[in-house]
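Results of the structural survey
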Amino acid sequence: MRRALVILAALLVAACGGTQPAAPDQASGVAKVNAGVIAIVDTAPIHLGKAKGFFTEQKIDLTITPVQGGAAAVSGAVSGQFQFAFANTTSLLTAKQQGLDVKVVANGVSSTGEQGKDFSAVLVKPDSPIKTAKDLAGRKISVNQLKNIGDTTVRASVRNAGGDPAGIEFVELPFPDAPAALQGGRVDAIWVVEPFVSQAINQGARPVAWNFADAAPNLTVAMYFTTGQTDADLTRRFTAAMRKSLEYADAHPDEVREALKTYTKIAPEVIAKINLPKWPVDVNKASVQTIADLAVADGVLKEKVDVSALVP
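Definitions and cut-offs
- Residues numbered from 1 in each chain as written.
- Predicted model: local features only at pLDDT ≥ 70, side-chain atom pairs only at ≥ 80, totals over all residues.
- Heavy atoms only, no water.
- Phe/Tyr/Trp six-rings, centres within 6.5 Å; stacked < 30°, edge-to-face > 60°.
- Helix = DSSP H or I, 4+ residues; strand = E, 2+ residues; numbered from the N terminus.
- Buried < 20%, exposed > 50% of the residue type's maximum accessible area, 1.4 Å probe, protein only.
- Core = buried A, V, L, I, M, F, W, Y, C linked by side-chain atoms within 4.5 Å.
- Contact = heavy atoms within 4.5 Å.
- Salt bridge = Lys/Arg side-chain N within 4 Å of Asp/Glu carboxyl O.
- Lys, Arg positive; Asp, Glu negative; His and termini not counted.
- Polar contact = N/O pair within 3.5 Å; in protein donor to acceptor, adjacent residues only side chain to side chain.

**Considering the packing of aromatic side chains**
According to the stated counting rule, one finds nine aromatic pairs in the structure shown. For the ring pair phenylalanine 84 and phenylalanine 238, a centre distance of 3.9 Å and an interplane angle of 5° mean the geometry is stacked. Here phenylalanine 84 is found in strand β3 (residues 84-88), whereas its partner phenylalanine 238 is found in helix α10 (residues 232-251), with 154 residues between them in sequence. Look at phenylalanine 84 and you get buried, because its relative accessible area is 0%.

So, in structure tokens, the structure goes:
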């Protein structure tokens, strides 16, 4: 489905040229911008930056449109619905390999790199015989999307622990449905991100791997991107606002937690406890290359990707 959406978007652009890039209002010089962004913990900086006026400072009238995931973000950007969007590293690498005109303009979200204190984990039932990541070999594990950053990084955790990930059966389940599937015995383990990590642990689940932290030091998990349709000056201004937003969010975790109450449905008591990710200003290109190489080795990508073509 993800591939079909992306290819369809590309065909639409080829057929009708997409929509026109955002043009500034002649009187004010302010450009109306529509950004396709998933309403999750990861994207707190852009919401916080909008509230703080960082985009207004760059003469950008920003609309944040919620999307369901990376596929919708990529197809929306390529078709011209969005001038900018947010997607995870593997989705962007896949889009680039398919020949789509995507280009990273800012970091999105990064792993904390800390075992036990990251926003992504693999969890099992409290009485599970699975004690370490090595024991995940040959098991049934849920991910929110097959052939994406979840299964790639889970495999990395298993390899790092001395196990063979070849026999893992990945099952596609939305993050909200994963804890119940684990409790019901439909899967042996679940990969989830916050707030579902904290929710599952509160229900008795036990972490056996911190897959983002295992895959690469300070892993860049997702990024903001645009296409060649977007005006270069507007891209420069959006990037400046986004960098300021990332820097502010990383330095003000309490304000991030407050911002989460405005655009997510996460309960306030959960927001207070979740492990927040990191929001460094710069993309960790080495970690993006690591994910690309792992994805090729696992068959998620067909061939080696030139990361520098995606991340300038």
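Anyway, onward from the coordinates.
**Describing unusual backbone geometry**
The omega angle of the peptide bond from glutamate 194 to proline 195 is 10°, so this bond is cis rather than trans. Tracing the sequence through the fold places proline 195 in the loop between β8 (189-193) and α8 (196-202). Non-glycine residue lysine 147 carries a positive phi angle of around 55°. With a phi angle near 50°, asparagine 218 is a residue other than glycine that sits in the positive phi range. Tracing the sequence through the fold places asparagine 218 in the loop between α9 (211-215) and β10 (220-226).

**A short note on the nonpolar core**
Core analysis: the biggest nonpolar cluster contains 106 residues, and Ile46 and Phe238 have the highest contact counts within it. It is α10 that contributes the most residues to this core, seven residues altogether. Dropping the residues within four chain positions of it, phenylalanine 238 is found in contact with Ile46, Phe55, Ile60, Leu62, Phe84, Val105 and Tyr224.

**Structural notes on the pattern of salt bridges**
On inspection of all chains with the given rule, the structure shows eleven salt bridges. For arginine 155, the salt bridge goes to aspartate 298, with nearest N and O atoms at 3.8 Å. You can see arginine 155 sitting in helix α6 (residues 149-160) and its partner aspartate 298 sitting in helix α13 (residues 285-298), a full 143 residues away along the chain. Here arginine 236 makes a salt bridge to aspartate 233, at a shortest N to O gap of 2.8 Å. Of this pair, arginine 236 and aspartate 233 both sit in helix α10, three residues apart, which is roughly one turn of that helix. Look at the salt bridges and you will find they share partners, linking Arg155, Arg159 and Asp298 into a network.

**Points about the side chain of aspartate 214**
Among the secondary structure elements, aspartate 214 is positioned in helix α9. Notably, aspartate 214 is buried but unbridged: the nearest opposite-charge side chain belongs to arginine 159, and the N-O separation is 11 Å. Reaching out from aspartate 214, the side chain makes a polar contact with the side chain of glutamine 115 at a distance of 2.7 Å.

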